[in-house]
Protein chains: 2
Amino acid sequence: MGSSRIVEMMQPLQPDDLLTQSHVVLDFIVDYYKNIENYPVQSQVEPGYLRKRIPDSAPYSSEPIEAILQDISNDIIPGLTHWQSPNFFAYFQANASNPGFIGEMLCTGFNVVGFSWIASPAATELESILMDWMGKMLKLPSAFLFSGNEGGGGVLHGSTCEAAVCTMAAARDIALNKIGWDNISKLVVYASDQTHSTFQKVSKIVGIKPSNFRLLPTSTATGFALSPDVVHMAMKDDVASGLVPMYLCATVGTTGCCAVDPIEGVGLVAKEYGVWLHVDAAYAGSACICPEFRHYLDGVELANSVSFNPHKWLLTNMDCCCLWVKSPNSLQDSLSNNAEYLSNNASETKGVIDYKDWQVALSRRFRAMKLWVVIRRFGVAGLRYHVRSGIMMAEHFEGLVGADPRFEVVVPRSFSLVCFRLKPKVEADGNELNRKLLEAINSTGRAFLIHTLIGGIYVLRLAIGGTLTELRHINATWKLIQDKADLVEAS
Amino acid sequence: MGSSRIVEMMQPLQPDDLLTQSHVVLDFIVDYYKNIENYPVQSQVEPGYLRKRIPDSAPYSSEPIEAILQDISNDIIPGLTHWQSPNFFAYFQANASNPGFIGEMLCTGFNVVGFSWIASPAATELESILMDWMGKMLKLPSAFLFSGNEGGGGVLHGSTCEAAVCTMAAARDIALNKIGWDNISKLVVYASDQTHSTFQKVSKIVGIKPSNFRLLPTSTATGFALSPDVVHMAMKDDVASGLVPMYLCATVGTTGCCAVDPIEGVGLVAKEYGVWLHVDAAYAGSACICPEFRHYLDGVELANSVSFNPHKWLLTNMDCCCLWVKSPNSLQDSLSNNAEYLSNNASETKGVIDYKDWQVALSRRFRAMKLWVVIRRFGVAGLRYHVRSGIMMAEHFEGLVGADPRFEVVVPRSFSLVCFRLKPKVEADGNELNRKLLEAINSTGRAFLIHTLIGGIYVLRLAIGGTLTELRHINATWKLIQDKADLVEAS
């Protein structure tokens, strides 16, 4: 390739070219959404399929966008599990939306890196304002809001895991300031056996001895929620053993079955033991913007930190996790990142926020732009409508399951997740029967659900709340489940 | 608002609406790029400016996109520091490009969450193939490539910090498996006084005692690179004190002055002490895709892990960090995240990659899509052209500085960073003189540079390589610097 041709091609950020290429790609994406119901929800490819289709090294010369889109159609789309399909009911949803998409375009277009205030004041200030907006939508106590002027505030992270790393590191350092770093092996982290496994991972990441992570037992008696008594006993025992309770995660809407830990009850125990209480409302926090569901956050005034993910159920494309803390100072003590090349007059006044000291990485995307567009385009009314429609569809599905005597709802429905199973004739066969049922459903490609174990029972999880999901998809999926149950029971 | 109006408005992912809204936003972004040279590069707003302009809580009802764009024009753009301005020379660049933008659109459009293979096989497989593409572009040893079949491979992270957390946690756990978790306070991490401050932050995050982080001294004698002898002495001393050397970071292109640590020299020391060697080539790794610069990675076969950021200099919009490890098993041992709801047949075969076990978070964006579009649209030739043009402009600027006897280049230029200063008449006045010069330059809004301290000397850093930067911008900035030097010297 002659250098003149490279020069001609190399207008890497030429505005008119951006417009032309983007229009082609937009048409492609719009077609994808128009056809999304035609694709198998869960990809049906075999491991290793793509290495057979793609060159094993990078092209030397430029390739046209049309060739790339053709390859996406032929080789990538068959390998996608379509999270935006209206028939995706696995894990929890990852809502895309038009406002989320254009918000992300603006974030990507500006491509500013607002790690400190000075590196893009608008990015920092918009984020701090939005964290107050969102905090007010959740009716969080003023101690979590910048506008509360009590020292608290919020930040946008990429994931709950990042929020857990930051808060757990802060809690660890507060404890170590009292007992000394050489005693790090005495620190103990508490969660329930329903808490997201990410907290166990994070506990190890921040240097907590793995045997000091307590998976406290839950049971049907509490709807798989933490019991304050169990937390109390565990902390008491650890203290008696010379260990130091440090961090407790309470969950509002666990991944397995949407259990809600009693924040107030466990919060009082945490307070008694001087333990950092984090409230993980990753999925169900979205519901708490509706007055009728806000009570699930009762007791949150006892927490040191709260997080939830608009990128799950609140129509915000990946990624976006809101974290509020009462004492951002403690985050900064653990996470500040100082170097001469980061110093500047604004930071030295201490009158500005440098979000680099509130998160894991130095660099950061302008996620606040996306969240701002989402909230303004939908309004609080629109966001509530979306959450409520998911919950109404889940109620409807719960009714369908309840009306068919072959099935049972295994734990009472919370929010928009229904955990159910095909009742076995002999209990010992139940798990295998439902495993077969799940495979039979997913292999059709017409819906995608996953399972979990609740108290040892294999259940199917139908997580509702995808952006495109309507009542007709719920009804069709239920029909599919019933049909497959016929087959599985007959086999 | 009646519920019928909400329903009418709520078509949150309606394809034709997506097209309409996106076209409006695209036109806005294209206008932004067309006007970008007219904005002050560094925002001139005062702290707190935005709270005076934006409501203090979220709107109840939907707002039109036009109102949002108007607010972005009036209230956000003045508060941005324009990283895509051709006159942005601060920190290191964060390249945006048309292919990066459309790649991000595709990532956002699909919005799949490929944490395990089954959750979107194409996302996982494309990423593993691309990591081999990129590894071959850097001529990494086969031990780092999947295709090498030696157990190694790569992953896309969001930041160098994430790569550091994951590799340091892995190194820590390898060490603790030998000496036991109760001895975590004995582990020592090594870096130079030029190493990015993120490594010190990460060392604390993963539970290394802060006093066990060694900032090894560098000096003019080695061009501010690590000396293997200094590393050797430090490790020897620590071992003699009963401590356990664990992790060493060698940098190719430090942030302060682009020093290059001798990987082979320090790597042999690391090997002798059984220490994990990480090579951080965050910025300068991009240059190593050119044969004439590849020698800076010589010795990389001694490393356990290598990372670099295409989101800096390789035309890839935020965020994208490549990490290769020789032993992904060690990452998985430290970072695996298992729960019943994540279990699936494919994962149980161990024949697929589940990237959730290679990173901090569970969720992840489809970054491979973006990087694929970037590499194919530019080709290796185009990417090399971009890197070389930045370096040529830096050579040119270095020549301009050298030709003006009032100035000096303080450390020899490496890659596309020039560290220079106005020579003081009395050395003791040098730092204050150059601080004033920097303020005078930045306050014009016509260019944005930052400073650093090198061996106690306050220097101005001109980091070249922005996507839109051309020779004319370099010349104009030099003229601006000369003019401001006149003023500062006269004052």
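Residues numbered from 1 in each chain as written. Chains lettered and ligands numbered in written order. Predicted model: local features only at pLDDT ≥ 70, side-chain atom pairs only at ≥ 80, totals over all residues. Heavy atoms only, no water.

Participant: Teacher, can you tell me more about the side chain of serine 347 of chain B here?
Facilitator: Residue and element names in this part refer to chain B. Residue placement: serine 347 occurs in helix H12 (residues 345-348). Only 2.6 Å separates the side chain of serine 347 from the side chain of aspartate 354, close enough to count as a polar contact. In this view, serine 347 contacts Val352 and Asp354; residues no more than four positions away in its chain are not counted. (Helix = DSSP H or I, 4+ residues; strand = E, 2+ residues; numbered from the N terminus. Polar contact = N/O pair within 3.5 Å; in protein donor to acceptor, adjacent residues only side chain to side chain. Contact = heavy atoms within 4.5 Å.)

Participant: Any chance you could explain the sheet that holds strand E3 (residues 213-216) of chain A here in plain terms?
Facilitator: The pairing of strands in a sheet happens through backbone hydrogen bonds and is either parallel or antiparallel. Residue and element names in this part refer to chain A. Reading across from one edge, E1-E7-E6-E5-E4-E2-E3 is the order of the 7 strands in this open sheet, with mixed pairing throughout. Whereas interior strands pair on both sides, the edge strands pair on one side only; in this sheet they are strand E1 (153-157) and E3. Averaged over all pairs of adjacent strands, the angle between strand axes in this sheet comes to 20°, irrespective of strand direction. Taken together, the 4 bridges between strand E6 (residues 305-308) and strand E7 (residues 321-325) define a ladder with antiparallel strand orientation. By the bridge assignment for E7, valine 306 is matched with tryptophan 324. (Pairing = 2+ DSSP bridges. Axes fitted to C-alpha atoms, helices over the stretch in contact; angles between N-to-C directions.)

Participant: Is there a simple way to explain the relation of the copies chain A and chain B in this structure?
Facilitator: Two copies of one chain are present, and they are related through a rotation about an axis combined with an axial shift. Relative to chain B, chain A is turned by 180° and slid 0.0 Å along the rotation axis, the superposed coordinates differing by an RMSD of 0.0 Å. A rotation of that kind, with that shift, is consistent with a two-fold axis. Interface overlap between copies: 99% of the residues of chain A at the interface are likewise at the interface in chain B, consistent with a symmetric, same-surface contact. (Least-squares fit on C-alpha atoms with pLDDT ≥ 70 in both.)

Participant: Sorry if this is basic, but what is going on with the environment of cysteine 161 of chain A here?
Facilitator: Among the structural elements, cysteine 161 of chain A can be located in helix H6 (residues 160-179). On a C-alpha basis, the gap between cysteine 161 of chain A and phenylalanine 199 of chain A in space is 7.2 Å, while along the polypeptide they are 38 residues apart. Every residue in contact with cysteine 161 of chain A, bar those within four places of it in the chain, is listed here: Thr198 and Val202 of chain A together with Val360, Ala361 and Leu362 of chain B.

Participant: What's the story with the packing of helix H4 (residues 98-110) of chain B against helix H13 (residues 367-403) of chain B in this structure? I'm lost.
Facilitator: Axis angle and axis distance: for two packed helices, these are the angle between their axes and the distance between the axes, and together they describe the pair. Residue and element names in this part refer to chain B. The N-to-C vectors of H4 and H13 enclose an angle of 150°; their axes lie 8 Å apart at closest approach. Overall, the two elements H4 and H13 adopt an arrangement that is roughly antiparallel. Crossing geometry of H4 relative to H13 is assigned as right-handed. Contact residues: Pro99, Gly100, Ile102, Gly103, Glu104, Leu106, Cys107 and Phe110 in H4; Arg367, Met369, Lys370, Val373, Val374, Arg377 and Phe378 in H13. Its residues placed into classes, the contact of H4 with H13 shows 9 nonpolar, 2 polar and 4 charged. (Parallel < 35°, antiparallel > 145°, perpendicular 65-115°, else oblique. Left-handed = near helix turned anticlockwise from the far one by under 90°. Nonpolar A, V, L, I, M, F, W, Y, C, P; charged D, E, K, R; others polar.)

Participant: How should the pattern of salt bridges be read in this particular structure?
Facilitator: Note on pairing: side chains with opposite charge can pair once their charged atoms come close. Applying the stated criterion across every chain yields a total of 58 salt bridges over all chains. Its salt-bridge partner being arginine 421 of chain B, residue glutamate 408 of chain B comes within 2.6 Å of it at the nearest N-O pair. One end of the pair, glutamate 408 of chain B, is in strand E8 (residues 407-414); the other, arginine 421 of chain B, is in strand E9 (residues 417-422), and 13 residues separate them in sequence. Glutamate 408 of chain B gets classed as partly exposed once you look at its relative accessible area, which sits at 25%. Put simply, aspartate 483 of chain B and lysine 479 of chain B hold a salt bridge, and the shortest N to O gap is 3.1 Å. Within this pair, aspartate 483 of chain B and its partner lysine 479 of chain B are both found in helix H15 (residues 471-490), separated by 4 residues, close to a single helical turn. Looking at aspartate 483 of chain B, the relative accessible area reads 31%, which means it is partly exposed. Taking the relative accessible area as the measure of exposure, lysine 479 of chain B reaches 46% and is therefore partly exposed. Salt bridges sharing partners connect three or more residues here, namely Glu104, Asp319, Arg365, Arg367 and Lys370 of chain A. (Salt bridge = Lys/Arg side-chain N within 4 Å of Asp/Glu carboxyl O. Buried < 20%, exposed > 50% of the residue type's maximum accessible area, 1.4 Å probe, protein only.)

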